[in-house]
Amino acid sequence: MTEPAATPLRCVVCGLGDAVTVWSVARTPMHAVRPSGVAHHASGFGQLDIAACSTCGHLSNRAFDADAADELYGALVLTNEPVSAGMIAAVDETAALIMRHLKRGPAVLEVGGGGGALSLALARRSARVDLVEPSRALGAERFAGTGVMLHRAMFPAPALAGRRFDAVVCRQVLEHVPEPAPFLAALRASLADDGIAYLELPSADDILRRHSIVDFHYPHVHYYRRGEMEWLLARAGFAIEEVFDIKQGHDMGFLLRAVTPLAREARASFDISPSEFAAALAERRARAAQRLAAINGPIALYGANAYAQALLGLYQDSTRFDAMFDDTTSYAGRCVYGPAGEIAIEPPSGERLAGMAAVVIAAYLHDAEIARKIAAMEFRGPVYTLRAPDPEAPGAIASLFDP
Ligand SMILES: [Zn+2]
């Protein structure tokens, strides 16, 4: 007997091979934000072929090009910079949570810190932080005198080989990694035996509950449910100390301790119906197309992020979007893009809003805060959020996906 060869189509959770497509987009932007007027108009697109494993139900993008991952992250414009009071408070809360579990002056490793907001918040609380982040947009000068040491590299970074840390922090990274098992093993190897790890990622349970089609976007290879994570973590040598519901269940956070890796049999946990899920997603897609077509006049998007990226891949062929507002000051000279071309990112203003027939809030995790800003700028037209309705908690802002 020989082992079957590992292929990219093998399920990373249960190890088996069959999967059924539940969602596909032929041509979707690979980047949420890029410099304006630089790239060829036809470049920067990838394919979504989101499939559910026939054995365990794990969702992943079978069309993701793992060979392009270095390029995807190295060239990345820094996104998810905290730009509002709410976002800054959330970063501070996470830093405080991690520090509560540590001795004084701990050595902390953050993997994939984006612009470094959390590393800086940890360093302000007297942690010594090593930050591993591949983005070439990030310069060491940003961290001069802060106690944060930047390693511009993919993880595991050769410069840190053999080092072990009191805490290992990894937020919003695992869903981008094609092979989670060796990545989690490397995180575990970086952790001291009495240390803690904090891992945060989007929840596929939330996508399955709300049928949120804009949560499928190119940079995410994998979509994990909590049960799948429990199993992957046990196998990598992490015991779960506490699980956190973040952003009303959109994300999940795990506080972990190091234990001996558990060799467990793969268990089937098939509790989704791929055909029903696919039908619900298709209905969302059609509903939003109808709503967009009914808007008579220029449409503005607010929030140049992954959800705007997904929306443009889905609808820019059939809908004209006239403005892209975002509060991130470093986005000057940058754009979002889709099959029909680029849209420059600009700061919102009452003057520009006055010319719009409707606003679609793409940054839906912050929709309440953004809706207040838009109202304060005296915009009186319809405002939609990309938040897919939660069957148990109807939102205050009309959703583009409301049935
Ligand atoms: Zn599976």
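Every value quoted in this text rests on a predicted model; they were computed, and no experiment measured them.

Caption draft 1: Region of the structure containing the domain arrangement of the protein chain. Each domain of the protein chain was delimited in the assignment, giving domain 1 (85-258) and domain 2 (275-385). Measuring from the centre of the C-alpha atoms in domain 1 to the corresponding centre in domain 2 gives 29 Å. On the domain 2 side, the residues contacting the 17 residues of domain 1 number 16 residues. Regarding the contact of domain 1 and domain 2, the summed buried area is about 1400 Å², with carbon and sulfur atoms giving 71% of it. It is His211, Ile213 and Val214 in domain 1 that bury the most area against domain 2; as a group they hold 42% of the surface buried on that side. Linking domain 1 with domain 2 are six residue pairs in polar contact (both at pLDDT 80 or more), by the criterion used here.

Caption draft 2: Fine view of the sheet that holds strand β1 (residues 19-29). Ordered by their spatial adjacency, four strands build an open sheet running β1-β3-β4-β10, and the pairing between neighbours is antiparallel. Each having just a single partner strand, β1 and β10 (222-223) make up the two edges of the open sheet. Note: strand β3 (residues 45-53) against strand β4 (residues 59-61), three bridges, orientation antiparallel. Within the sheet, the bridge partner assigned to Ile50 lies in β4 and is Asn61.

Caption draft 3: Expanded view of empty space enclosed by the protein. Applying the stated criterion to the full structure yields one cavity of 30 Å³ or more. Of the volumes computed, that of the largest cavity is approximately 50 Å³. Elements with a contribution of two residues or more to the lining of the largest cavity: β8 (165-171), α4 (180-189) and β9 (191-202). Looking at the lining of the largest cavity, the element that brings in the most residues is β9, giving three residues. When grouped by side-chain class, the residues that make up the lining of the largest cavity number ten nonpolar, no polar and no charged.

Caption draft 4: Expanded view of the pattern of salt bridges. Taken as a whole and assessed by the stated rule, the structure comprises 21 salt bridges. Residues Arg352 and Glu346 are paired through a salt bridge, measuring 2.7 Å at the closest nitrogen-oxygen approach. A residue is classified by how much of its surface remains accessible, and Arg352, at 33% relative accessible area, is partly exposed. Counted as one network, the salt bridges with shared partners bring together Asp206, Arg209, Arg210, Asp215 and Asp390.

Caption draft 5: Representation of the pairing of strand β11 (residues 238-246) within the structure. Two elements, β11 and strand β12 (residues 251-258), share eight bridges in a ladder whose sense is antiparallel. Looking at β12, one finds that Ile240 is bridged to Leu256.

Criteria and cut-off values
Residue positions are given per chain, counted from 1 along the sequence in the order it is written. Local features in this predicted model are restricted to residues whose pLDDT is 70 or higher, and side-chain atom pairs enter the listing and the counts only when it is 80 or higher, whereas totals over whole chains, interfaces and linings include all residues. Remark: hydrogens and water are excluded; side-chain values derive from all non-hydrogen atoms of the structure. Source of the domain bounds: an automatic or database domain assignment. Contacts are assigned to residue pairs that have any heavy atoms within 4.5 Å of one another. Take the accessible area each of two parts loses on contact, using a 1.4 Å probe, and add the two losses: that sum is the buried area. Any N or O atom pair separated by 3.5 Å or less is treated as a polar contact, with the protein-specific requirement of one donor-capable and one acceptor-capable atom, and with residues adjacent in sequence counted only for side-chain atom pairs. By the convention used here, strands pair only if DSSP detects at least 2 bridges between them. Helix and strand definitions here come from DSSP, where helices need a minimum of 4 consecutive H or I residues and strands a minimum of 2 consecutive E residues; each element is numbered from the N-terminal end. Computed over the protein atoms alone on a 1 Å grid, cavities are sets of points where a 1.4 Å probe fits but cannot get out and pockets are open sets with protein on both sides within 12 Å along at least five of seven lines; a residue lines them when it has an atom within 4 Å of a point. Grid points are joined across faces, edges and corners, and a volume is the space filled by probe spheres set on the points. Under the scheme applied here, ten amino acids are nonpolar (Ala, Val, Leu, Ile, Met, Phe, Trp, Tyr, Cys and Pro), four are charged (Asp, Glu, Lys and Arg), and all others, including Gly, are polar. What counts as a salt bridge is simple: a side-chain nitrogen of Lys or Arg found within 4 Å of a carboxyl oxygen of Asp or Glu. Only protein chains enter the area calculation, which uses a 1.4 Å probe; residues under 20% of their type maximum are buried, those over 50% are exposed, and those in between are partly exposed.

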